[in-house]
Amino acid sequence: MSEERSLNFLEEIVEEDISAGKHGGRVLTRFPPEPNGYLHIGHAKSICLNFGLAKRYGGKTNLRFDDTNPVKEDVAYVDSIKEDVKWLGFEWAQELYASDYFDKLYEFAVALIKKGLAYVDDSTAEEIAKQKGTPTEPGTPNQYRSRSVDENLQLFADMKAGKYPDGAKVLRAKADLASPNMHLRDPLMYRIKHAHHHRTGHAWCIYPMYDFAHGQSDAIEQITHSICTLEFVPHRALYEWFIEQLELFPSRQYEFARLNLNYTVMSKRKLLQLVEEGHVEDWDDPRMPTISGLRRRGYTPHSIRDFCERIGVAKRENMIDVSLLEFCIREDLNKTAWRRMAVLDPVKLVITNYPEGQTDTLFGENNPEVEGGEGGREIPFSRELWIEREDFMEEPLKKFFRLGVGLSVRLKNAYIITCNEFVKDSEGNVAEIHCTYIPESKSGSDTSGIHVKGTIHWVSIPHAKTAEIRLYDRLFRVEDPSSEDGDFKEYLNPDSLNIIKGYIEPDLANAVAGKGYQFIRKGYFSLDSKHSSAEKLVFNRTVTLKDGWSQQASKGGLKSS
RNA sequence: UGCCUGAUAGUAUAAUGGUAGUACGACGGUUUUUGGUACCGUUUGUCUAGGUUCGAAUCCUGGUCGGGCAACCA
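Residues numbered from 1 in each chain as written. Chains lettered and ligands numbered in written order. Predicted model: local features only at pLDDT ≥ 70, side-chain atom pairs only at ≥ 80, totals over all residues. Heavy atoms only, no water.

- In the nomenclature of an unreviewed UniProt entry, chain A is known as Glutamine--tRNA ligase of Mucilaginibacter hurinus.
- Taken verbatim from the UniProt record of chain A, the Catalytic activity (unreviewed entry) comment is "tRNA(Gln) + L-glutamine + ATP = L-glutaminyl-tRNA(Gln) + AMP + diphosphate".
- Under Sequence similarities (unreviewed entry), UniProt gives the following word-for-word description of chain A: "Belongs to the class-I aminoacyl-tRNA synthetase family." (UniProt positions renumbered as here; feature names shortened; annotations may be inferred.)

## Details of the overall build of chain A
Phase 1 of the analysis: Summing up its helical and strand segments, chain A has 13 helices and 25 strands in all.
Phase 2 of the analysis: By the compact-globule yardstick of 24 Å for 561 residues, chain A is too spread out, its C-alpha radius of gyration being 31 Å.
Phase 3 of the analysis: Considering only C-alpha atoms, chain A reaches an extent of 100 × 55 × 45 Å along its principal axes.
Phase 4 of the analysis: Considering chain A as a whole, with its 561 residues, one finds that 52% of them fall into the buried category.
Phase 5 of the analysis: Sequence-distant contacts, at least 24 apart, represent 71% of the contacts inside chain A between residues at least 6 apart.
Phase 6 of the analysis: Roughly 25600 Å² of accessible area belongs to chain A as shown, and the carbon and sulfur atoms make up 48% of that amount.
Phase 7 of the analysis: Computed over 73 positive and 86 negative side-chain charges, the inter-centroid distance for chain A is 1 Å. (Helix = DSSP H or I, 4+ residues; strand = E, 2+ residues; numbered from the N terminus. Rg over C-alpha atoms; globule rule 2.2 N^0.38 Å. Buried < 20%, exposed > 50% of the residue type's maximum accessible area, 1.4 Å probe, protein only. Contact = heavy atoms within 4.5 Å. Areas by Shrake-Rupley, 256 points an atom, 1.4 Å probe, with all protein chains shown as cover. Lys, Arg positive; Asp, Glu negative; His and termini not counted. Charge placed at Lys NZ, Arg CZ, Asp CG, Glu CD.)

## Things to note about the protein's contact with RNA strand B
Phase 1 of the analysis: Around RNA strand B there are 67 residues in total, and Glu12, Arg339, Ser443, Gln518 and Arg521 lie nearest to it.
Phase 2 of the analysis: When the atoms of RNA strand B within 4 Å of the protein are sorted by group, sugar and phosphate make up 64%.
Phase 3 of the analysis: Thr68 places a side-chain nitrogen or oxygen 2.7 Å from a phosphate oxygen of RNA strand B.
Phase 4 of the analysis: In the model, a base nitrogen of RNA strand B is placed 2.4 Å from a nitrogen or oxygen of the Gln518 side chain.
Phase 5 of the analysis: Those elements that provide at least two residues to the surface near RNA strand B are α5 (125-131), β6 (188-192), α11 (301-311), α12 (322-336) and α13 (548-555).
Phase 6 of the analysis: Of the residues contributing to the surface near RNA strand B, the split by class is 24 nonpolar, 21 polar and 22 charged. (Near = heavy atom within 4 Å. Polar contact = N/O pair within 3.5 Å; in protein donor to acceptor, adjacent residues only side chain to side chain. Nonpolar A, V, L, I, M, F, W, Y, C, P; charged D, E, K, R; others polar.)

## Looking at the sheet that holds strand β17 (residues 416-424)
Phase 1 of the analysis: In space, the seven strands of this open sheet follow the order β19-β16-β17-β18-β12-β15-β20, with mixed pairing throughout. Where the open sheet ends on each side, the last strands, each with one partner, are β19 (455-456) and β20 (458-460).
Phase 2 of the analysis: Relative to β20, strand β15 (residues 384-388) is paired through three bridges, and the arrangement is antiparallel. Among the inter-strand pairings, Ile387 is bridged to a residue of β20, identified as Trp458. (Pairing = 2+ DSSP bridges.)

## Concerning the environment of Gly373
Phase 1 of the analysis: Tracing the backbone shows Gly373 in the loop between β13 (360-365) and β14 (376-381).
Phase 2 of the analysis: On a C-alpha basis, the gap between Gly373 and Glu11 in space is 40 Å, while along the polypeptide they are 362 residues apart.
Phase 3 of the analysis: Leave out the neighbours within four places in its chain, and Gly373 touches Glu365, Asn366 and Asn367.

## Digging into the confidence of the model for chain A
Phase 1 of the analysis: When pLDDT is averaged along chain A, the result is 96; 98% of the residues meet or exceed 70.
Phase 2 of the analysis: This model gives residues 557-561 a pLDDT under 50, and the stretch forms seven contacts once residues within four places in sequence are excluded.
Phase 3 of the analysis: Overall fold confidence for the complex sits at a pTM of 0.96, while the interface term, ipTM, reaches 0.97. (pLDDT = per-residue confidence, 0-100.)

## Overview of helix α7 (residues 210-221)
Phase 1 of the analysis: Taking 1.5 Å of rise per residue, the twelve residues of α7 would be expected to cover 16 Å, and the 16 Å separating its terminal C-alpha atoms lies within 8% of that figure.
Phase 2 of the analysis: Here α7 lies mainly inside the structure; ten of its twelve residues are buried.
Phase 3 of the analysis: If you check which residues of α7 are buried, you get Asp211, Phe212, Ala213, His214, Gly215, Gln216, Ser217, Asp218, Ala219 and Glu221.
Phase 4 of the analysis: Among the residues trailing α7, Gln222 stands out with phi positive, at a value near 60°. (Expected span 1.5 Å × (residues − 1).)

## Side note on the UniProt feature "domain: tRNA synthetases class I (E and Q) anti-codon binding" (unreviewed entry) in chain A
Phase 1 of the analysis: Under the present numbering, the feature "domain: tRNA synthetases class I (E and Q) anti-codon binding" (unreviewed entry) in UniProt falls on residues 455-528.
Phase 2 of the analysis: Across residues 455-528 one finds 0% helix and 39% strand; the C-alpha atoms that close the span lie 29 Å apart.

## A few points about helix α8 (residues 236-246)
Phase 1 of the analysis: Buried within α8 we find Leu238, Tyr239, Trp241, Phe242, Ile243, Gln245 and Leu246.
Phase 2 of the analysis: Against the buried residues of α8 lie α4 (102-114), β5 (170-173), β6, α7, β8 (225-229) and β9 (252-256).
Phase 3 of the analysis: Phi turns positive, to about 50°, at Glu247, one or two residues after α8.

## Here we look at the pattern of salt bridges
Phase 1 of the analysis: Evaluated as defined, the whole model comprises 41 salt bridges.
Phase 2 of the analysis: The residue Lys163 makes a salt bridge to Asp158 at a minimum N-O spacing of 3.4 Å.
Phase 3 of the analysis: Where Arg310 meets Glu331, a salt bridge forms, and the shortest distance between an N and an O atom there is 3.4 Å. Taken together, the residues Arg310 in helix α11 and Glu331 in helix α12 connect sequence positions 21 residues apart.
Phase 4 of the analysis: Residue class for Arg310 comes out partly exposed when judged on its relative accessible area of 41%.
Phase 5 of the analysis: Taking the relative accessible area as the measure of exposure, Glu331 reaches 28% and is therefore partly exposed. (Salt bridge = Lys/Arg side-chain N within 4 Å of Asp/Glu carboxyl O.)

See the structure below:
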């Protein structure tokens, strides 16, 4: 059935290559993160693309860390990236590092110098920038451009040997200073950085630039399809130039439009700022669009893969509505989450005709979406219950199918009750709701013949456990914080996190992290892997349930307070 | 005033010269011991002006608008 789906442009390219017999029909892709931050949902799109393409066409995918800038990179990031890719459900063929190729890359540089295609430049960064010209004016050569091969060889060896301080010299390609493509105006190949590298330690003090590392790394690994995002389109000419001059395996680069999600930001730089300035707890804060944040929030790998499949791939800039992501997680959790009851904003309900001190044990199935319900759990029932404050109205609206004096509802998995009166406290708030129950209406053995419109959830007061419940809202108040005036952080949503205390049914003490639970009528929740403990349960709200009532109520201008 | 890219419902994404379709959203309805789910239905689109053609979202030309490009970042 998924075969009926039309091909995206990358699949078309691969299919054409295969049918043309290119590389003997072999497909090898790579996912090339720089270990300078955590992976986010945008990377998930790239991961699904690279691994998905290879899988679909019988190929493999390498995980290659693009670690050519030691001052920004760290093993902690390497570890998190590996964990996230695995968690998403993908297996890489080889775990590789651009730094594995430092020796090889150095040889490539020497080869280019010998061909007269690279030179050592003593200019400062500012001078080089100036000499590159502008998009409308060609660059101008400096005196270093005409250095002899021997001098360049010696100077480059001295750079490697650590004879110069950071920034004193760079190695540049001798390409085309007049090219309309700025990237071809004698791009930098190597710079001096006396810095510790997370893998090579202090073995090197010169490091290759992205453009002099990525394409060659692809070629060394014999990557057939090197897939990256649109901002690398102008780099493609350089990518191919180096491969050609070095006569390497002809890997080819293809670009797609990166994912943008509304009400969040999708750049490692900005996410790092949120972490460092304490706007969020950490990279895995459940409000973050990071893979680890989504995981902690309760998203499943399947839902994220499904999302990546649904958003499609093309070359036009896009802004995906978060409602699609929410749809994907709801759809997954609806089929897998076990149903439980929890009251988030409690008000006391007393069943006046139920004997004091008596307890009833009721049954509730785990998952009504599955044949057999996946078993169930026991739910204690008693005379006094917590119910949701919003499920009662002093003066009920016409289509309010919940409680109010004279109205009847079913208590989920229990009995039908009728509200007779309510009691207010000294401040005028509803303090107690008094109802009577119908003994013959017990769920599963209802002989009352009564039908009610509404069903509400509840928790028995003497049996209830408490839990900290964290309710999340979008991180930003505006759809595209990066495009607004001023600093993007001015648009942070001050109400993105709301921590409350709730009452939960006893069985929820058995909840495990990583599993989704549907708090009936309230949403999907999961145990917080970081803060929850046996002494203090902490649940994160993954996503709310769709709420047709509140939509209808607000649309009709009806307020329920 | 340079080069590279792109433009199809609110948001994404198909249609590869031959009936503009799908998903999400929104709206309405049926079912329901979750105002959830499921199911049914409705709504809105080819940036613009010419040209080629029996026929154009698709090909050509001009324009408009969006994104990217001048880091010792990737």
